[in-house]
Amino acid sequence: MAETASTKGMAVITGASTGIGFELALCAARDGYDLAADEARIVQAASRLKAFGVAVEPIETDLSTLEGVDRLIERIEADGRSVDLLMANAGRGLGKGFLDQNFADVRKVVDTNITGTIYLVQQIGNHMRARGEGRILLTGSIAGFMPGSYQAVYNGTKAFINSFSFALREELRGSGVTVSCLMPGATETEFFKRTDLMDTSIGQAKKDNPADVARIGYDAMLDGEGDVVSGWKNKLQAVVANVTPASVLAHQYAKMAEPGSGTK
């Protein structure tokens, strides 16, 4: 970190090299927070972030493992700094049918999206609670409201994160620490390419701007809001999902995520 610490404090962002995570980092940098991020690729964009006069420390580590999370925590604590904002945005997806997936890839999704995320939140959250202040933002998804045919594991992990965020928020009520959950819809990021979804209807559909999504989530976190669904179409989709039978939702999702559906 820089020799002269920011007067605003420090923000930790995971999954910060691209997409929503990078845009969250930009939001924090504009507000004057020093940054610690878990991906070395953020160095490529460090000049944009440092232009705001903040320090940026990339920490290359595997957040799907407890050891990787411990390494991130150790680097943060080495500076003797307190974390003011935690944006747990790291996540992985996986396309195609569950029985056709490599289970090592399946476990990587679960361990990144759930195990590593909640371990990080517990470690930093305990420090925040002891100080009586802090802001936590978890990146869930409206996908968590729907059984994700051909994305069954990913949607399941997001359902967990959506639920977990509300439970933790209630447990921390009155502590000075707030928990918010950003629930975006399909967003223009590398996610769809990484998860081999480019030949699907959802992969080829028009998507939301990650900068807009990040700003909505960031502002909600600072305001201490419990949850925010970005975009009116996504809000409508979330409302409809809550009153639609799971079997119907699974069938509808299959039409969007089935391999080759983008060419039909």
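Residues numbered from 1 in each chain as written. Predicted model: local features only at pLDDT ≥ 70, side-chain atom pairs only at ≥ 80, totals over all residues. Heavy atoms only, no water.

Asker: When you look at the overall build of the chain in this model, what are you seeing that I'm missing?
Answerer: The helix and strand inventory of the chain stands at 10 helices and seven strands. Across its three principal directions, the C-alpha atoms of the chain cover 55 × 40 × 35 Å. When the 264 residues of the chain are sorted by exposure, 52% land in the buried category. Of all intrachain contacts in the chain linking residues separated by at least 6 positions in sequence, the fraction that spans at least 24 positions is 67%. As displayed, the chain offers around 12,300 Å² of accessible surface, 51% of which is attributable to carbon and sulfur atoms. (Helix = DSSP H or I, 4+ residues; strand = E, 2+ residues; numbered from the N terminus. Buried < 20%, exposed > 50% of the residue type's maximum accessible area, 1.4 Å probe, protein only. Contact = heavy atoms within 4.5 Å. Areas by Shrake-Rupley, 256 points an atom, 1.4 Å probe, with all protein chains shown as cover.)

Asker: Looking at this structure, how should I read the packing of aromatic side chains?
Answerer: Remark: the centre distance and the inter-plane angle together describe each pair of aromatic rings, the angle taken between the planes. This structure, assessed with the given rule, holds three aromatic pairs. Their ring planes at 10° and their centres at 5.9 Å tell us that phenylalanine 160 and phenylalanine 164 sit as a pair that is stacked. Taken together, the residues span about one helical turn, with phenylalanine 160 and phenylalanine 164 both in helix 5 (residues 152-171) at a distance of four residues. A ring pair is formed by phenylalanine 191 and phenylalanine 192, whose centres lie 5.2 Å apart and whose planes are at 85°; its orientation type is edge-to-face. Each member of the pair, phenylalanine 191 together with phenylalanine 192, is buried. By way of ring pairs, the aromatic residues Tyr154, Phe191 and Phe192 are connected into one cluster. (Phe/Tyr/Trp six-rings, centres within 6.5 Å; stacked < 30°, edge-to-face > 60°.)

Asker: Explain the confidence of the model for the chain to me, please; I cannot follow it from the model alone.
Answerer: Any region with low pLDDT has predicted coordinates that should not be read closely. Per-residue confidence for the chain averages 90 on the pLDDT scale, and 95% of its residues sit at or above 70. Taking the mean pLDDT of every element in the chain, the minimum, 75, falls on helix 2 (residues 46-50) and the maximum, 98, on strand 5 (residues 134-139). (pLDDT = per-residue confidence, 0-100.)

Asker: Is there a simple way to explain the pairing of strand 5 in this structure?
Answerer: Within a regular strand, side chains alternate between the sheet's two faces. Burial runs high along strand 5: five of the six residues are buried. Across four bridges, the pairing between strand 4 (residues 83-88) and strand 5 is parallel. Residue pairing in the sheet places alanine 88 in a bridge with leucine 138 of strand 5. Pairing of strand 5 with strand 6 (residues 177-183), which is carried by six bridges, proceeds in the parallel orientation. Counterpart to glycine 134 in the pairing with strand 6 is valine 177. Note that the unit made of strand 5, helix 5 and strand 6 has a crossover that is right-handed. (Pairing = 2+ DSSP bridges. Right-handed = clockwise from strand over helix to strand, strands pointing away.)

Asker: How should the packing of helix 1 (residues 19-30) against helix 8 (residues 210-223) be read in this particular structure?
Answerer: Two quantities define a packed helix pair, namely the angle between the axes and the distance from one axis to the other. Closest axis-to-axis distance for the helix 1/helix 8 pair is 8 Å, and the angle between their directions is 55°. Here helix 1 is positioned oblique relative to helix 8, judged by the angle of their axes. As for the relative orientation of helix 1 and helix 8, their crossing is right-handed in sense. Facing Gly19, Ile20, Glu23, Leu24, Cys27 and Ala28 of helix 1, the residues of helix 8 in contact are Pro210, Ala211, Val213, Ala214, Arg215 and Tyr218. Among the residues forming the contact of helix 1 with helix 8, the class breakdown is nine nonpolar, one polar and two charged. (Axes fitted to C-alpha atoms, helices over the stretch in contact; angles between N-to-C directions. Parallel < 35°, antiparallel > 145°, perpendicular 65-115°, else oblique. Left-handed = near helix turned anticlockwise from the far one by under 90°. Nonpolar A, V, L, I, M, F, W, Y, C, P; charged D, E, K, R; others polar.)

Asker: Explain the nonpolar core here, please?
Answerer: Inside soluble globular proteins, nonpolar side chains tend to come together where they are buried. The biggest cluster of nonpolar side chains holds 27 residues, and the ones touching the most others in it are Ala11, Ile13, Leu24, Leu35, Leu49, Met87 and Tyr218. At the level of elements, strand 1 (10-13), helix 1, strand 2 (34-37), strand 4 and helix 8 are the ones that each hand at least two residues to this core. Considering each element in turn, this core owes the most residues, eight residues, to helix 1. With residues up to four places along the chain from it excluded, the contact list for leucine 24 reads Ile13, Met87, Asn89, Leu137, Ala214 and Tyr218. Judged by nonpolar contacts, the second largest core, of 25 residues, contains Ala36, Val69, Leu120 and Val177. (Core = buried A, V, L, I, M, F, W, Y, C linked by side-chain atoms within 4.5 Å.)

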